[in-house]
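Survey of secondary and tertiary structure
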Amino acid sequence: MAYGIIMSIVLVGAVGCIIGFFLSFASEKFKVKVDEREEAVLSVLPGNNCGGCGYPGCSGLAEAIAKGNAPVGQCPVGGPPVASKIAKIMGVDAGSSERMVAFVKCVGTCEKAKDKYEYSGAKDCSVVALVPGGGPKACSYGCLGFGSCVSACTFDAIHIVNGISVVDKEACKACGACIKACPRHLIELIPYSASEAVGCSNKDKGKDVMAVCDTGCIACHLCEKNCPSDAVHVVDNVAYIDQSKCTGCGTCAEKCPKKVIIRR
Amino acid sequence: MSGEMNIFAELMLILVSTSVVSNVVLSQFLGLCPFFGVSKKVETALGMGVAIIFVITLASIVTGVIYKFVLIPTGFTYLQTIIFILVIAALVQFVEMVLKKHIPSLYRSLGVYLPLITTNCAVLGVALTNVTNYYDTDAPFSILKGTFYGFGTAVGFMIAIVILASIREKMEKNDVPRAFKGTGIVVVTAGLMAIAFCGFSGVIK
């Protein structure tokens, strides 16, 4: 009886020991080098997996940063605070990056932009953009106002106000989700500090623009002529502000007859 | 017929009977957990199948050697279950290390089901069936036969899981009634597959 018990213990113990040695040998042989910086970086990242950095989720970015394939400031959501923390982990200098925010290039609100017909279909921009005529809005470039960008935003930073999308620049993390969601490609990233922005994307001639919207860019070139720092140019019948040259004097917004250039 | 030819024919018979005729999943209903768990994509199902083949084949050899040359001589055959589980757990650990090192993408997609091979009843089931079928008898080449039995069983598992995975991939796009959505329709599918595999019974007497 006692012999049986002792022998059982010895037998199972011996098998266990042999297996243990085999496994510890194998674990040495098949060791995978895990960069502990990767986990440290991951713990600093926001963790909402928005994909704004271009990698599949925060863990993908952490892996790329740890391998040195991505800059420490790649996370648009975390911005400079997260970048400096990651830089500390990686032992490099963060550098300074300017905070960007999304901006909707359309100011054609309900009373300013005209409608072609009464629409009562699916309430989703990507669907509306495909219906004949491209939706009820007379302007074929403007914001449809059905809020695909609103539902794409995970930070509650974009809302439909008076028929068009408006970005809350304090809440915006520049993840780019709304940019991808907009079927009319109206949203772009501009510096947080930018004081002037062009709220129109209509590339038609002035007469056609006036027919569809009271506040569309008619390409009159007044902004271009009056800008003291050569920052505004009319390209494809729409004013375009080079934010790196813009001094924020506000002359263009003042001169714009259609109030397309807005002060933020 | 020479004895050598006989053993060859017998091994082929074991292979066919275990992989198709008495399929481990569809007619013995063993190893159902990974069968439903990792059959969403053909790719991962294949990976799971290969991992199972590796584990079961090696486990059959190792358990056979331990049973024949350790447990029977010392008379501790009643320790078979606990020692077999030890061996299987170690092998699964080993497979995990190899996959983590060489095929990390497969390692990630198998997820929790990889360590769960340890508790997969198909693996232990094969080891214990081998004992009653081959190792406890005086038949020649018993460990070789046991290995083929294990390999055939694992191949049968892979056939079943890959078929189910390809059906499920197609089913993704089907309009399934709400009550059957998810696992429901998968279980129905597995049942129909089991009925279909009944057609093989009687192929080998």
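Here is a short report on the structure shown in this document. (Residues numbered from 1 in each chain as written. Chains lettered and ligands numbered in written order. Predicted model: local features only at pLDDT ≥ 70, side-chain atom pairs only at ≥ 80, totals over all residues. Heavy atoms only, no water.)

Considerations on the interface of chain A and chain B
Note the following rule: Every residue pair with non-hydrogen atoms within 4.5 Å of one another is taken to be in contact. Two parts placed together each lose some accessible area under a 1.4 Å probe, and the buried area is that loss summed for both. A pair is scored as a salt bridge if a Lys or Arg side-chain nitrogen falls within 4 Å of a carboxyl oxygen belonging to Asp or Glu. Distance and chemistry together define a polar contact, namely a pair of N or O atoms within 3.5 Å, with one atom able to donate a hydrogen and the other to accept it when in protein, and with adjacent residues in sequence counting only for side-chain atoms on both sides.
Listed as interface residues are 16 residues of chain A and, on the opposing side, 18 residues of chain B. On the chain A side of the contact with chain B, A:Leu11, A:Val12 and A:Phe30 bury the most area, a combined 36% of that side's loss. Where chain A touches chain B, the interface holds zero salt bridges. There are zero residue pairs in polar contact (both at pLDDT 80 or more) connecting chain A and chain B.

Points about the packing of aromatic side chains
Using the following cut-off: Ring pairs are drawn from Phe, Tyr and Trp, using the six-membered ring of Trp, whenever the two centres fall within 6.5 Å, and their geometry is named by plane angle: stacked under 30 degrees, edge-to-face over 60, tilted for the rest. Secondary structure elements are defined from DSSP: runs of H or I of at least 4 residues count as helices, runs of E of at least 2 residues count as strands, and each element is numbered from the N terminus. Put simply, a charge is over a ring when the Lys NZ or the Arg CZ is close to the ring centre, within 6 Å, and near the line of the ring normal, within 35 degrees.
Across all of its chains, the model carries 10 aromatic pairs over all chains by this definition. The interplanar angle of 70 degrees and the centroid separation of 5.6 Å between the aromatic rings of A:Tyr119 and A:Phe146 together place this pair among those described as edge-to-face. Here the residue A:Tyr119 occupies a position in the loop between strand 1 (100-104) and helix 5 (125-128), and A:Phe146 occupies one in the loop between helix 5 and helix 6 (148-152), the gap between them amounting to 27 residues. Through successive ring pairs, a cluster of aromatic residues spans A:Phe22, A:Phe30, B:Phe54 and B:Phe94. Residue placement shows A:Lys169 over the ring face of A:Tyr192; its charged tip is 5.0 Å from the ring centre.

Topic: the pairing of strand 3 (residues 164-167) of chain A
Residue and element names in this part refer to chain A. In plain terms, the rule: Only when DSSP finds a minimum of two bridges between them are two strands counted as paired.
Examined bridge by bridge, strand 2 (residues 158-161) and strand 3 share four bridges and lie antiparallel to one another. Directly across from isoleucine 160, in strand 3, lies its bridge partner serine 165. Turn length for the strand 2-strand 3 hairpin, with the two strands adjacent in sequence and antiparallel, is two residues, and the turn residue asparagine 162 shows positive phi of about 55 degrees.

Some details on the side chain of B:Ser60
Residue and element names in this part refer to chain B. Inspection of the secondary structure assignment puts serine 60 in helix 3 (residues 42-74). In this structure the side chain of serine 60 is engaged in a polar contact, spanning 2.7 Å, whose partner is the backbone oxygen of isoleucine 56. Filtering out sequence-adjacent residues up to four positions away, serine 60 remains in contact with Val126, Asn130, Tyr135, Gly146, Thr147 and Gly150.

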